[in-house]
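Breakdown of the fold
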Number of protein chains: 2
Amino acid sequence: MGRRPLSKIRRKEFARAAHLCLAQHGLAGTTLARVAEQAGVSKASVLHYYRTKEDLLEAALRHGNSTLRDEVSALMRVARDPWQRVYAVIEANLSPRAFRPPIAQGWLALSAAVPHNRQYQRIQTVIYARTRSNLVGPLRSLSDAETAELMTDALISVIDGVWTRCGLSLGGMTAAEARRQFELLLDARFADSPERHAARRLMSEACRAQMLARGIPCED
Amino acid sequence: MGRRPLSKIRRKEFARAAHLCLAQHGLAGTTLARVAEQAGVSKASVLHYYRTKEDLLEAALRHGNSTLRDEVSALMRVARDPWQRVYAVIEANLSPRAFRPPIAQGWLALSAAVPHNRQYQRIQTVIYARTRSNLVGPLRSLSDAETAELMTDALISVIDGVWTRCGLSLGGMTAAEARRQFELLLDARFADSPERHAARRLMSEACRAQMLARGIPCED
DNA sequence: GCATACATTGACCCATGGGTCAGTTTATAA
DNA sequence: TTATAAACTGACCCATGGGTCAATGTATGC
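Residues numbered from 1 in each chain as written. Chains lettered and ligands numbered in written order. Predicted model: local features only at pLDDT ≥ 70, side-chain atom pairs only at ≥ 80, totals over all residues. Heavy atoms only, no water.

An unreviewed UniProt entry lists chain A under the name Transcriptional regulator BetI, from Pseudooceanicola albus.

1. Focus on the packing of aromatic side chains
Enumeration over the complete set of coordinates arrives at 10 aromatic pairs over all chains. Note on Phe14(B) and Tyr49(B): the rings are 5.3 Å apart at their centroids and 65 degrees apart in plane angle, and the pair reads as edge-to-face. With a gap of 35 residues between them, Phe14(B) in helix α1 (residues 8-29) and Tyr49(B) in helix α3 (residues 43-49) connect regions that are remote in the sequence. With relative accessibility at 0%, the residue Phe14(B) sits in the buried group. On the numbers, 5.8 Å between centres and 65 degrees between planes, the contact of Trp107(B) with Trp163(B) is edge-to-face. Within this pair, whereas Trp107(B) is found in helix α6 (residues 101-113), its partner Trp163(B) is found in helix α8 (residues 145-168), the two being separated by 56 residues in sequence. In this pair, the class of Trp107(B) matches that of Trp163(B), namely buried. Taken together, Trp83(A), Tyr87(A) and Phe190(A) form an aromatic cluster joined through their ring pairs. (Phe/Tyr/Trp six-rings, centres within 6.5 Å; stacked < 30°, edge-to-face > 60°. Helix = DSSP H or I, 4+ residues; strand = E, 2+ residues; numbered from the N terminus. Buried < 20%, exposed > 50% of the residue type's maximum accessible area, 1.4 Å probe, protein only.)

2. So, the interface of chain A and chain B
Contacts between the two partners involve 39 residues from chain A, matched on the other side by 39 residues from chain B. Taking both sides of the interface into account, the surface hidden between chain A and chain B amounts to around 3,200 Å²; carbon and sulfur atoms contribute 70%. In this structure, the salt-bridge partner of Arg189(B) is Asp187(A), at a minimum N-O distance of 3.3 Å. Counting across the chain A and chain B interface gives 10 residue pairs in polar contact (both at pLDDT 80 or more). Among the elements of the structure, α1 (8-29), α6 (101-113), α7 (118-140), α8 (145-168) and α9 (175-187) of chain A are those that each provide at least two residues to the side of chain A that touches chain B. Per-element tally for the side of chain A that touches chain B: the top contributor is α8(A), with 14 residues. (Contact = heavy atoms within 4.5 Å. Buried area = accessible area lost by both parts, 1.4 Å probe. Salt bridge = Lys/Arg side-chain N within 4 Å of Asp/Glu carboxyl O. Polar contact = N/O pair within 3.5 Å; in protein donor to acceptor, adjacent residues only side chain to side chain.)

3. Details of the protein's contact with DNA strand C
In the neighbourhood of DNA strand C, 16 residues make up the surrounding shell, with Val41(A), Tyr49(A), Leu32(B), Lys43(B) and Lys53(B) lying closest. Here, DNA strand C places atoms within 4 Å of the protein, and 64% of those atoms are sugar or phosphate. In this structure, a phosphate oxygen belonging to DNA strand C sits 2.9 Å away from a main-chain N or O atom of Ser42(A). For DNA strand C, a phosphate oxygen lies 2.8 Å from a polar atom in the side chain of Tyr49(A). Secondary-structure elements contributing two or more residues to the surface near DNA strand C are α3 (43-49) of chain A together with α3 of chain B. (Near = heavy atom within 4 Å.)

4. Points about the relation of the copies chain A and chain B
Of the two same-sequence chains, chain A is brought onto chain B (RMSD 0.0 Å, axial shift 0.0 Å) by a rotation of 180 degrees. Accordingly, the operation relating the two chain copies is best matched by a two-fold axis. No C-alpha of chain A lies nearer the rotation axis than that of Ala188(A), which sits 1.8 Å from it. (Least-squares fit on C-alpha atoms with pLDDT ≥ 70 in both.)

5. Things to note about the nonpolar core
Counting 141 residues, the largest nonpolar core has Phe99(A), Leu155(A), Trp163(A), Phe99(B), Leu155(B) and Trp163(B) as its most contacted members. Once residues within four sequence positions are removed from consideration, Trp163(A) is found in contact with Leu68(A), Asn93(A), Ala98(A), Phe99(A), Ile103(A), Ala104(A) and Trp107(A). (Core = buried A, V, L, I, M, F, W, Y, C linked by side-chain atoms within 4.5 Å.)

6. A look at unusual backbone geometry
Its identity as a non-glycine residue notwithstanding, Ser169(A) has a phi of 55 degrees, on the positive side. Here Ser169(A) lies in the loop between α8 and α9.

7. Let's talk about the packing of helix α4 (residues 53-78) of chain B against helix α10 (residues 194-213) of chain B
All names here are of chain B. Where α4 meets α10, the axes come as close as 10 Å, and the angle between the chain directions of the two elements is 125 degrees. Between α4 and α10, the interaxial angle falls into the category oblique. The two elements α4 and α10 meet at a crossing, and its hand is right-handed. Side by side, α4 and α10 meet where Glu-71, Ala-74, Leu-75 and Val-78 of the first sit next to Met-203, Ala-206, Cys-207, Gln-210 and Met-211 of the second. (Axes fitted to C-alpha atoms, helices over the stretch in contact; angles between N-to-C directions. Parallel < 35°, antiparallel > 145°, perpendicular 65-115°, else oblique. Left-handed = near helix turned anticlockwise from the far one by under 90°.)

8. A short note on the pattern of salt bridges
On inspection of all chains with the given rule, the structure shows 30 salt bridges over all chains. Arg165(A) is the salt-bridge partner of Asp153(B), the closest N and O atoms lying 3.5 Å from each other. With Asp153(B) in helix α8 and Arg165(A) in helix α8, this residue pair bridges two chains. Look at Asp153(B) and you get buried, because its relative accessible area is 7%.

9. Quick word on the state of the cysteines
One pass over the structure, following the stated rule, counts 0 disulfides over all chains. There is no disulfide at Cys21(A), and the cysteine sulfur nearest it, in Cys166(A), is 19 Å away. (Disulfide = S-S within 2.5 Å.)

10. A word on the environment of Met211(A)
Mapped onto the elements, Met211(A) comes out in helix α10 (residues 194-213). Discounting chain neighbours no more than four positions away, the residues touching Met211(A) are Glu71(A), Ser95(A), Pro96(A), Arg97(A), Ile216(A) and Cys218(A).

In structure tokens:
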């Protein structure tokens, strides 16, 4: 069997535990012992699946990202026109599953580690490129290319901004507040057309429906 | 003499060294030994001025912030109308002195530490409140209160967003690119009036002039 | 039953790094 | 010149935490 990838499921469990740990205790507080405890297993066992802590954190980074990616994919599958695709990205980034202080804190901790680790950099670059193309595509069919690029970059900045503030728990950042900021930004180049309005409602609803289907609390 | 505050100048030097270290090596790479080396002094000497590493990092956080605050103050002193005050905040945050990957990386590292330290939280809250009031004031006299609040929050998000991306060195974030995003956002509620146009040019020029006066390279 | 391969673990190793301390140098003031 | 306080240091201590290893389960295929 070539190289049994050491029980993929088990590896995923540990990546998840590491991600959880990161969210709760930050980078400094994420020790192998703590991750092991979180997973209900011994420290040595974790090292059996990940040769080094660096590897484990890399997996945690991938895991956190894949959660968000799944969210985007699910909404993208529902989206039927450009505006719906734009709002799919926005709503996915505000989904109650991900847009929470602990998760944002984990994201912040990993982001801080990125500049000092080549591998993390590569992953981050991929994440960035994907989000970018998810936005620039639909926006191109709603405006000229230059506007699409600029709006995409600005949307990404706002995403990073609201996530940062969510992580810092500053000014009580909520999804509703974030949504208002995205609307404001989009207003800069786009009128509130019926299509846009409908897309906003549809995607917001789709995201909510998915949460309910998975039994995740959703207060907005 | 009551309690000589242990040579304020010396303390500041060490805070600066710590901040530099943080920018270059991240939180994990910032050890007392490294900070001491940076300052050309022994590890024990650093501990003589700061009782604990936590204290030192707190000072580094304050230091990094005070640099930015000075930038804002200097431009604010020049500003004569609301638009000029708005652009004073924006330009200060994009000043070539501060808006550089290493500095942004340091900011990122400290931000990641914030959720796990009360004292850092307090400082961060103060910084946030000040930036907020610096923006909401002038914007209130340019629009209704609600718009001013929303625009302020969105501007802050973009600031955090572009800083994050600057720290991650993603998509080659430059001050010029950031400026375009701020313009886009402001377009959402404000026409490009002559006052706004003039203010933008004036503050950009004022910032540049200050850099030149201090001999800091300024490529845009 | 037995052999093999993988899972899991406790015990251990050791480098790192924060923090202490006792002592030396240096500056200042009487 | 000398007393005093502050600046500064090398040497040391020790807790933490990443990583290794040999040993012990435990399942699977023959």
